[in-house]
Amino acid sequence: MTRGECDGGLDDIYGAHDALRRLAALISRRARPAAIFAAVTREVRCRAQAATARMIRFESDGTATVVANEGTGGPHVRVGHEWSGFPEAGITSLVWRTGRAVRIDDYRDLPGGGLYVSEGLIGAVGVPIFVHGALWGLIAIGSCAGPLPADTEVQLAEFTNLTATAIATAQGRAEIETSRARIVMASDESRRRIERDLHDGAQQRLVALALRLATLSGHESVLPPVRDKLERTARDLLDVVDNLREIAQGLHPAILSEAGLGPALRALALRASLPVTVGVDVPSRLPQALEVGAYYVVSEALANVLKHSRATHADISAATADGLLIVTVADDGVGGAELANGTGLIGLRDRVEALGGELTVDSPAGGGTRIRCEIPEGGDMVLLAQNPGVQRKPA
Ligand SMILES: Nc1ncnc2c1ncn2[C@@H]1O[C@H](COP(=O)(O)OP(=O)(O)O)[C@@H](O)[C@H]1O
Ligand SMILES: [Mg+2]
């Protein structure tokens, strides 16, 4: 390790302060948990001028996982893999059993410590990470130069506290995202049910009624003026059926479930009362939540084009690239679309964000409107942040 890259040591208060500030900035930028864990572990190793630093998470099934590793490699410290084979009297076991900061002054005296001796380590310190009062894991640092300084545990605590805050924040965010996704799914499900009920119930009965009226009107006992009225009523009924079909289509079109996003978007474009070009380059089927989300984006954006834009032309595109589904709807109308001015676009943003995606609106006055959304194909798993912590209080 060179100086400059890692000035100071844990007693270098200004250096530690800078490190904590850098980490806090990373956390506030909503960096991924894995990146935060790696950065904390790197800073800790630097500050402590330690040979190795690791962050280890306890799992609810009694195992542990290395979530960050700095200083040495080797098959026993692969990030994301089970952390196993650690000695009974070693740092990980001790922190797990006691929920407290622990230290080893000489691995050569420790039964089972050979693995660490072979990494060149002599001493080590481990400090627990508690999230919302539950033991989540630990940060461990190792030294090749003998026991670590007496205040190492105290100095490390600032870093474990910061890590705990980052984890708690990520967990809170993940919970919000999950509950948002649940709400969206529930509303999709009820839209599907209403569509089915309309299709199988009201629509069919109205069609049957219209047929019955048409048959009646043909009966010889019916006088011409009454026949006219009956026939007009039958036609009106069929108009209502069309209306109803359109409403049902807007709820959750059968073509989307049956044929997928491409055909459903083309059908939307065909129904529009202005020229719409469609470019679709997606696999024939995508996960249902993704197809439905993308469909509603296009359906609402196109409704806006018709309602607000005075455009002469619109363009729909949907494509997958680098694990993202990217959908845009653009028009050459008056522009000036504002999320704050309605409920349609805001609803779309909520829906897209619930899928871990992003929706942007570019609509300069006079310059047309472009709605763009990016949705991760696999639904971005919030790696390593879901673990709520192992319920274990300090001994
Ligand atoms: N394509 C567009 N062209 C021009 N203005 C638009 C367009 N889309 C939306 N807007 C404007 O942005 C507002 C917000 O849109 P939206 O949230 O869908 O609300 P609304 O329920 O009014 O359609 C609309 O009221 C409209 O003034
Ligand atoms: Mg709208």
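Residues numbered from 1 in each chain as written. Chains lettered and ligands numbered in written order. Predicted model: local features only at pLDDT ≥ 70, side-chain atom pairs only at ≥ 80, totals over all residues. Heavy atoms only, no water.

Novice: Sorry, what's going on with the site of ligand 1 here?
Specialist: Lining the immediate surroundings of ligand 1 are 15 residues, of which Glu300, Asn304, His308, Asp331 and Leu345 lie closest. Here an oxygen atom of ligand 1 sits 2.9 Å away from a polar atom, N or O, in the side chain of Glu300. A distance of 2.9 Å separates a nitrogen atom of ligand 1 from a polar side-chain atom of Asp331. Considered on its own, ligand 1 offers 530 Å² of accessible surface; in the complex 84% of this is hidden by protein. At the level of secondary structure, the elements contributing two or more residues to the shell around ligand 1 comprise helix H9 (288-309) and helix H10 (344-354). Counting residues per element, the shell around ligand 1 draws most heavily on H9, which supplies five residues. Considering only residue class, the shell around ligand 1 consists of two nonpolar, nine polar and four charged. (Near = heavy atom within 4 Å. Polar contact = N/O pair within 3.5 Å; in protein donor to acceptor, adjacent residues only side chain to side chain. Areas by Shrake-Rupley, 256 points an atom, 1.4 Å probe, with all protein chains shown as cover. Helix = DSSP H or I, 4+ residues; strand = E, 2+ residues; numbered from the N terminus. Nonpolar A, V, L, I, M, F, W, Y, C, P; charged D, E, K, R; others polar.)

Novice: Help me understand the pattern of salt bridges in this model?
Specialist: By the definition in use, this model includes 14 salt bridges. A salt bridge links Arg54 to Glu119, with the nearest nitrogen and oxygen atoms 2.3 Å apart. Here Arg54 is found in strand S1 (residues 52-58), whereas its partner Glu119 is found in the loop between helix H4 (114-118) and strand S4 (123-131), with 65 residues between them in sequence. For the pair formed by Arg54 and Glu119, the shared burial category is buried. (Salt bridge = Lys/Arg side-chain N within 4 Å of Asp/Glu carboxyl O. Buried < 20%, exposed > 50% of the residue type's maximum accessible area, 1.4 Å probe, protein only.)

Novice: Even after reading the chapter, I still don't get the sheet that holds S4, so can you show me in this structure?
Specialist: Hydrogen bonds between backbone atoms are what pair the strands of a sheet, whose relative direction is either parallel or antiparallel. Strand order in the open sheet formed by five strands is S2-S1-S5-S4-S3, and the pairing between neighbours is antiparallel. The sheet is open, and its two borders are formed by strand S2 (64-70) and strand S3 (102-104), each paired with just one other strand. Taken over all neighbouring pairs, the strand axes of this sheet differ in orientation by 20 degrees on average, direction set aside. (Pairing = 2+ DSSP bridges. Axes fitted to C-alpha atoms, helices over the stretch in contact; angles between N-to-C directions.)

Novice: Which parts of the structure should I look at to understand the domain arrangement of the chain?
Specialist: By convention, interface size is frequently given as the accessible area that disappears when the constituent parts associate. As assigned here, the chain comprises domain 1 (13-178) and domain 2 (259-379). Distance between the C-alpha centres of domain 1 and domain 2: 45 Å. (Domains from an automatic or database assignment.)

Novice: Honestly, the pairing of strand S8 (residues 324-331) in this entry has me stumped. Any pointers?
Specialist: Two faces, one strand: in a regular strand the side chains alternate between the faces of the sheet. Buried residues dominate S8, accounting for seven of its eight residues. Where strand S7 (residues 314-321) meets S8, eight bridges bridge the pair, whose relative direction is antiparallel. Note on S8: the bridge partner recorded for Asp315 is Ala330. Here S7 folds back onto S8 in antiparallel fashion, the turn holding two residues, of which Asp322 has a positive phi close to 50 degrees. In this structure, S8 lies alongside strand S10 (residues 369-376), joined through eight bridges in antiparallel fashion.

Novice: How should I be thinking about the environment of Thr72 in this particular structure?
Specialist: You can see Thr72 is positioned in the loop between S2 and helix H3 (91-98). Among the residues examined, Thr72 registers a relative accessible area of 21% and is labelled partly exposed. Sequence spacing of Thr72 and Arg54 is 18 residues, and the spatial spacing of their C-alpha atoms is 9.6 Å. With residues near it in sequence (within four places) discarded, Thr72 still touches Thr52, Arg54, Val77 and Glu119. Within polar-contact distance, the side chain of Thr72 engages the side chain of Arg54 at 3.2 Å. (Contact = heavy atoms within 4.5 Å.)

Novice: What's the story with the coordination of the magnesium ion (ligand 2) in this structure? I'm lost.
Specialist: Working reference: metal with six octahedral donors, ideal angles 90 or 180 degrees; metal with four tetrahedral donors, ideal angle 109.5 degrees. Each protein donor to the magnesium ion (ligand 2) is listed here as Glu300 (OE) and Asn304 (OD1); together their distances run 2.1 Å. With a gap of four residues between them, Glu300 and Asn304 both fall in helix H9, about one helical turn apart. Classification of Asn304 by relative accessible area gives buried; the value is 15%. (Donors = N, O, S within 2.8 Å, 3.2 Å for Na, K, Ca; no water.)

Novice: Just to check I follow, could you spell out the packing of helix H5 (residues 152-217) against H9 for this structure?
Specialist: Axes are the key here: two packed helices are described by the angle between their axes and the distance separating the axes. At a minimum axis separation of 12 Å, H5 and H9 run at an interaxial angle of 80 degrees. The angle between H5 and H9 falls in the class roughly perpendicular. Residues Asp188, Arg191 and Arg192 of H5 form the contact with H9, whose participating residues are Gln288, Val292 and Tyr296. Taken together, the residues that form the contact of H5 with H9 break down as two nonpolar, one polar and three charged. (Parallel < 35°, antiparallel > 145°, perpendicular 65-115°, else oblique.)

Novice: Would you mind showing me how to read the environment of Gly293 here?
Specialist: Within the secondary structure, Gly293 is located in helix H9. Residue Gly293 is classed as buried on the basis of its relative accessible area, which comes to 1%. For the pair Gly293 and Gly85, spaced 208 residues apart in sequence, the C-alpha to C-alpha distance is 46 Å. Excluding anything up to four places from it in sequence, Gly293 contacts Arg351 and Leu355.

Novice: Hey, could you run me through the side chain of Asp331 in this one?
Specialist: With respect to the helices, strands and loops of the structure, Asp331 is situated in strand S8. For Asp331, which is buried and forms no salt bridge, the nearest opposite charge comes from Arg310, at a distance of 10 Å. Here the side chain of Asp331 touches Gly333 through a polar contact of 2.8 Å, landing on its backbone nitrogen. Beyond its immediate sequence surroundings of up to four residues, Asp331 is in contact with Val305, Ser309, Ala311, His313, Ala314, Gly368 and Thr369. (Lys, Arg positive; Asp, Glu negative; His and termini not counted.)

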